[in-house]
Each structure stands twice: as structure tokens, then as C-alpha cells.
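Read off the chains here:
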Amino acid sequence: MTSTPDLVVTRFAPSPTGHLHIGGARTALFCWAFARRHNGHFLLRIEDTDQARSSDEAARGIMEDLAWLGIDWDEGPTLQYQGRTIGGDPRSVAPFFQARRIDIYNDYINRLVEQGKAYPAFETPEELEAKRKAAVAAKQTYRYDRAALSIPPDERIRRMKAGEPHVIRLMAPAEEIVVHDEVLGDVRYAAGEMDDFVIRKADGFPTYHFAVVIDDQTMGITHVLRAQEHLNNTPRHVALQRALGFRTPVYAHMPIISNMDGSKMSKRDKAKAARAALADAMKKDASLTPAALAEKLSLDEKLIADFIAKENDSLDVAAAVARVFNVALPEIEVADFRDAGYLPEAIVNFIALLGWNPGMKLPDGKDLEKFDARFLAEHFSLDRIGKTSAKFDRAKLLAFNQDAIAALSPEDFAARWRAWCAEHAPEVLNLPPDRFAILAEAVRPRARTFRDALKPAAFALTPDDGYAFDEAAVKKVLLAPGKDNAPRGLDLLRDFTTTLRDIPATDWTPATLDAHMATFCQQKGVGPGQVAQPLRVALTGSTVSPGIGATLAALGRDSALRRIDRCLATISG
RNA sequence: GGCCCCAUCGUCUAGUCUGGUCCAGGACGCCAGGUUCUCAUCCUGGAAACUGGGGUUCGAAUCCCCAUGGGGUCACCA
């Protein structure tokens, strides 16, 4: 192993049991930024010691989520992303999947057992659970009672070697442990608080605590940045480091991100939202039995019944409910935000502000809060991480995303919206490129996310005879007598259409069309609204659409004229 | 419940370490106006907070103590 003495190495160590959680994304971002700021390495390690819940797909998904956010790792499993390779093993510290490091862990565990610093214990999970329940019932704090230590050492080892099912427990230290944390300061844990926790499970896999400590040491991790929910784990890790003779890395625990109501942001929130929507639907429609729902959602009836009864929080059911009943589920995982049409740069900016702040002013005296990953890589520091937990305010994220969308060049916005549409709304791509570009620009200030953009764009995606003319709009805008003796909307429309017919396709652009309308209005002595609104009703069926020039142009000359003709033919009077 | 952490507008926060420049600044949201062909964008203005109580000090959002509140964590999950 080659190592540079002062090389800063941070790591992000997700367990591959699902998509990347937004909170995990922030942890990864801070680890990445800290490494960049100090010209160090950011390492990605996959903690797959929970055999039942881990999967390779999940690991890959997490890597893609990170890459999408622009968080690249210098060391770790490799990923091909947009033509380049992320990851690698420049210091020879692989493997990066814990399941492939079992031999390493066992070496250290054997050493601890030989030294009497750890010992086998033979209780079954059921026995321990019973003891735990008894302690709770007696209002006592449960700690492992060291029953295994009453077995003579020789016999313990003999039974262990004979293959009797056992776990290995660390002999907890008898002294106080002080954890120095870069954001919280010294955190003290009194002697005797810690019990002899398990470091190797009966299935032979190390527990999280043990694997983390071994890996952080053998991978040369110098700085551990993680969420505060891990703070209480840290004394265990320090105890382990001392027993093993390892150094202690620098710790920095960052505040937790929670929902607006203070509850923890979790994947279960999606199930909760779906369940509420389902309950609502079932109340309104008595025919929606679990059996009927199974049909409707094309899922197993038992799964659905259990979901309703809160027996499970199946993400499949939640997703199906969202789709079929057209309800929005809260975004929790990075993939949710991507699907909803958020920009990675907006997400990065927003989550960076959840618990960190540059503390800088703009020239106009306002606080600096808009920045990108490059800025973070230059300015991120531990001492500006806050201590208070942060609530995830979607309204503010939406505002950030809207600003990020506004900051894009028209070409960039069109290209990126197109890429999103290709995945989530392919029908939009049926438009010819020039009209797509016009539509994109028209829709941009009306969209806070890519998905949002679909709504104001809808008029351009329906067939020319595929929409109805809103009755109230027709009455008010087309048929009502004009103000101040002006002609009715319908007559103005008919009149202006003559002008429109004379405009060649080559001039059919938003600016030119707007200019023609302005001229027409001047000639007729009417306000722009008196022409634009009737036109809008004819073109879209409603009184709401982008600017009239853009609306006409996004439709294209043929389509626009066809729509007006249909309106004129349909609405008479 | 034990242990641990935290405490500035509804929310994210600046200010706290190095007490006075803070009758507390910014942003989102909200409210009210304005621009505009609708919707939206955009512009202007407004309401809105130092959890409470004790200290220390000439002086406390800033330092100390207590109370209260919130959160985390107590697995052969990570």
C-alpha cells in the first residue's frame, strides 16, 4: 500500500439497500467537498454486510445517483458515466465491497479474541430478546449481561472452534470515552455506558461497527463526516480503535435533515402518502376493495391488503397508487428528485445549505446562498457546519430549482428538458426541433421543474381537433360585446386571422407574430388583450397560455390556422 | 425511560467562539401594490424571531447555571 502522509481521505459508505437518500446525498457531498478542498481523495465504500437486504443493483443505483449529482469518487468501485470512468484504486486499498473483505475482518477478530479483548457468546437472538424485554418491563436499561463470560475461557474457545453458533462481542472498556467532534466539540460518555456489543454476527459477517473501524483504518480514512444519528455509535468505534491499536480519525457529525413536521425523512413517507390517498379513494368509492385494487394496480391482493393495514410499506404499491390515482408522492431519494425534474445543481446548492453556510456577503450586502459544486470544493469547511437539525423545505427547493432553470441558456434548457422528456414524457419529442425550442422557451418561466413544464406545454401536444373550447371563455371572450364599442372577440379574431394568413411560414416566429398583432391592434384601436384572448381561446380552448406570439409559433403556422378555422366553424353567432 | 445532541422570523440561516457597530440582516414562503395580452416571470413594499428564568457585566442574541422544548440513539440493521 502506498500512502502519502498528509493525504486527506474522506469516505461515503452507503449500504446498498435501495436508492440514495437525499440525506445521504448531502453527507456524500460534504465528504466530497472536504476532500476537494484539501486536495485529498474521496472514497466510496459499499457496506453490504447485511446479506439479506443488500443488492448489486442498489449499489449501482447509488453510484449513478452520485454521478448524476456531479459527486465523483477518486477511489471505489468503478462506474462508466457519460463516457468517463469514475472510481478506481490508486492506493491499493480495495476491495470496496465489505462482503469481499471478510478475511480481513476475521484476522482482526481472531487477534482480539486471542488477546482476550473479545469473546464468543452463545445466546440465541430469542434469548437476548427475552432478556431485553424483561429489562424494559422492569424499567431497566438493557445491557448485555456478560453471561458468556461465566463460561470458562477454555470451554468458550473450544465450543467456538467446534462450530457452535456464536457471535463475537467486544469487551467494553471500563473507562470514560471522550469523542472529539469538529462540529460538536468534546462529547463525553461515562464509563459503564457501553455494553459488550457484537462485532461479528452468527453468520460470520462483521457488524457495521466493526467493519467500519477496520475499513477506515485499512483504507487510510482521515476524516469521517456523517450525520448526527451516528454520534452515539462513535464511542464504540473509538473503543474498537483503542482495542485494536488504531488511530482515531477526525470526526465531524452534521445535523439531521427532517420533514417539515419534524419527523425523520424516510422512504416510508412515500408509503404514508400513498396510503392516505388510497384511504381517500376507498372512502369515495366503495367498490374499491383490495381485490378490485389488485386488478387496478396489477399487484398481489395480499400485498395491497397488508399495505392498507400498515403491515408493509411496499414501494411498489406506493408507486402504483401514485400512478393510477395520479397523486404526487413526496420526493425522498435522489432518484425521486431526478424523476420529478429537478436540476442536480439546484439539489446540490440546496442540500449544501442544509447544515452548512458560506457566511459570505454579496456586494449588495445580501447573504451569498447561490453557489455551485466548484464553489463548495473551494470553500467548504468543517467549522461552518451548523449544529441544529434542518427541516427540508420543498418550497424553497422549488424556488432554487426555478432559479436554476432561469439561469440556463435557452439552448441548455431546451437540451436538458428534451433529455428529461425522453425518459419521462416521450410524446413531447414528437414536435419538430424548431417548434420544440420555441415551446421550451415559452414554458420556461412557467415551470419550477421539468415535470411542471408539461402542464403549460400541453396545448401544443394535443391534436388540432382534440381539445374543447371552454364554455365560459367562449362566452366571455368571443361572444360578449366588446368594451367601449369595440368589436366582439369573435369578429376581431376573424379579422386578425386574415392578417395571419398573409404571414409566411418563414416569418412565423414569436417576435414577428407579436409585432403583427401589435400593428393590428393599433390599426383597430383596441388593446392587445382584446385580440390575444380570443386568439388564445381559439388556439388552446382556454384563456391561459404562454405569450400569444409564442403560442402561435409553438403550434406552427398550419396547426395554428387549422385550430382557428375549427374555432370559427364551431363557434357561431 | 437511560444516554447523547441541539435551541435566532412559519422554514433555511447571518450574527454567538473574539459581549457594545443588532430596537437582530438575508433567502424561501406569506400579504399588499406595480409591470404585462391571460397564466407565469419580473419589480417595489410589508408583517414576521433572539424558548423561559436566574446569574456575570457599565452593557448579553452572544458567557455561565437551571428549567422547558425539540431531536437522536439504545439490534446478531447500517
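Preceding this paragraph is the structure being described.
### Considering the pairing of strand 7 (residues 177–181)
Line of reasoning, step 1. On strand 7, burial follows the alternation: Ile177, Val179 and Asp181 on one face are buried, whereas Val178 and His180 on the facing-out side are not.
Line of reasoning, step 2. Sheet topology note: the strand 7/strand 8 (residues 185–189) ladder contains five bridges and is antiparallel. By the bridge assignment for strand 8, Asp181 is matched with Gly185.
Line of reasoning, step 3. With antiparallel pairing between neighbouring strands as the criterion, strand 7 and strand 8 make up a hairpin whose turn holds three residues.

### Quick look at the side chain of Arg11
Line of reasoning, step 1. Tracing the backbone through its elements, the reader meets Arg11 in strand 1 (residues 9–12).
Line of reasoning, step 2. At 2.9 Å, the side chain of Arg11 forms a polar contact with the side chain of Asp216.
Line of reasoning, step 3. The contact partners of Arg11, leaving out residues within four places of it in the chain, are Cys31, Phe42, Leu43, Arg45, Val212, Asp216, Ile221, His223, Val224 and Arg226.

### Thoughts on the protein's contact with RNA strand B
Line of reasoning, step 1. Every one of the 66 residues lining RNA strand B counts as a neighbour, but Lys201, Asp367, Glu369, Arg536 and Ser545 are closest to it.
Line of reasoning, step 2. When atoms of RNA strand B within 4 Å of the protein are sorted by moiety, sugar and phosphate together comprise 71%.
Line of reasoning, step 3. Side-chain polar atom of Arg384 to a phosphate oxygen of RNA strand B: 3.2 Å apart, as the coordinates give it.
Line of reasoning, step 4. Between RNA strand B and Arg536 there is a distance of 2.2 Å, counted from a base oxygen to a side-chain nitrogen or oxygen.
Line of reasoning, step 5. Mapped by element, the contributors of at least two residues to the surface near RNA strand B are helix 4 (125–137), strand 6 (167–170), strand 8, helix 6 (208–218), strand 13 (390–391), helix 15 (394–407) and helix 22 (528–540).
Line of reasoning, step 6. If you tally residues by element for the surface near RNA strand B, the top one is helix 22, at five residues.
Line of reasoning, step 7. For the surface near RNA strand B, the residue count by class is 23 nonpolar, 21 polar and 22 charged.

### Here we look at the pairing of strand 11 (residues 250–254)
Where a strand is regular, its side chains alternate between the two sheet faces.
Line of reasoning, step 1. Among the five residues that make up strand 11, four are buried, leaving the element largely enclosed by the rest of the structure.
Line of reasoning, step 2. Relative to strand 11, strand 10 (residues 223–227) runs parallel, the two being bridged by five bridges. Bridging across to strand 11, Ala227 finds its partner in Met254.
Line of reasoning, step 3. In this view, the connection linking strand 10 to its parallel neighbour strand 11 by way of helix 7 (residues 234–244) has right-handed handedness.

### A closer look at the pattern of salt bridges
Line of reasoning, step 1. In the structure shown here, the tally under the stated rule is 39 salt bridges.
Line of reasoning, step 2. Across the salt bridge formed by Asp306 and Lys302, the nearest N and O atoms sit 2.7 Å from each other. With Asp306 and Lys302 both in helix 10 (residues 301–308) and four residues apart, the pair spans about one turn of that helix.
Line of reasoning, step 3. A relative accessible area of 54% means that Lys302 is categorised as exposed.
Line of reasoning, step 4. Among the salt bridges present, the one from Asp403 reaches Lys370, with a minimum N-O distance of 2.6 Å. You can see Asp403 sitting in helix 15 and its partner Lys370 sitting in the loop between helix 13 (344–352) and helix 14 (373–379), a full 33 residues away along the chain.
Line of reasoning, step 5. Given a relative accessible area of 38%, Lys370 falls into the partly exposed group.

So, how was this worked out
All residue numbers here refer to positions counted from 1 along the written sequence of the relevant chain. Going through the entries in the order they are written, you letter the chains from A and number the ligands from 1. With pLDDT at 70 or above as the cut-off, local features in this predicted model cover only qualifying residues; side-chain atom pairs require 80 or more to be listed or tallied, and sums for whole chains, interfaces and linings still use all residues. The side-chain figures draw on all heavy atoms in the structure; neither hydrogens nor water molecules are used. Burial classes: relative accessible area under 20% of the type maximum marks a residue as buried, over 50% as exposed, and values in between as partly exposed (1.4 Å probe, protein chains only). Going along the chain from the N terminus, every DSSP run of H or I of four or more residues is numbered as a helix, and every run of E of two or more is numbered as a strand. Two strands pair under a simple rule: DSSP has to find at least two bridges between them. Counting of polar contacts relies on pairs of N or O atoms within 3.5 Å, with two restrictions inside protein: one atom must be capable of donating a hydrogen and the other of accepting it, and residues adjacent in sequence are counted only when both atoms are side-chain atoms. In this description, contact between two residues means that some pair of their heavy atoms is separated by no more than 4.5 Å. We call a residue near a molecule or strand when any one of its heavy atoms sits within 4 Å of it. For this classification, the nonpolar set comprises Ala, Val, Leu, Ile, Met, Phe, Trp, Tyr, Cys and Pro, the charged set comprises Asp, Glu, Lys and Arg, and every other residue, Gly included, is treated as polar. Crossover handedness is defined by viewing with both strands directed away from the observer: a clockwise path from the first strand over the helix to the second marks the crossover as right-handed. Any carboxyl oxygen of Asp or Glu that lies within 4 Å of a side-chain nitrogen of Lys or Arg is treated as forming a salt bridge with it.

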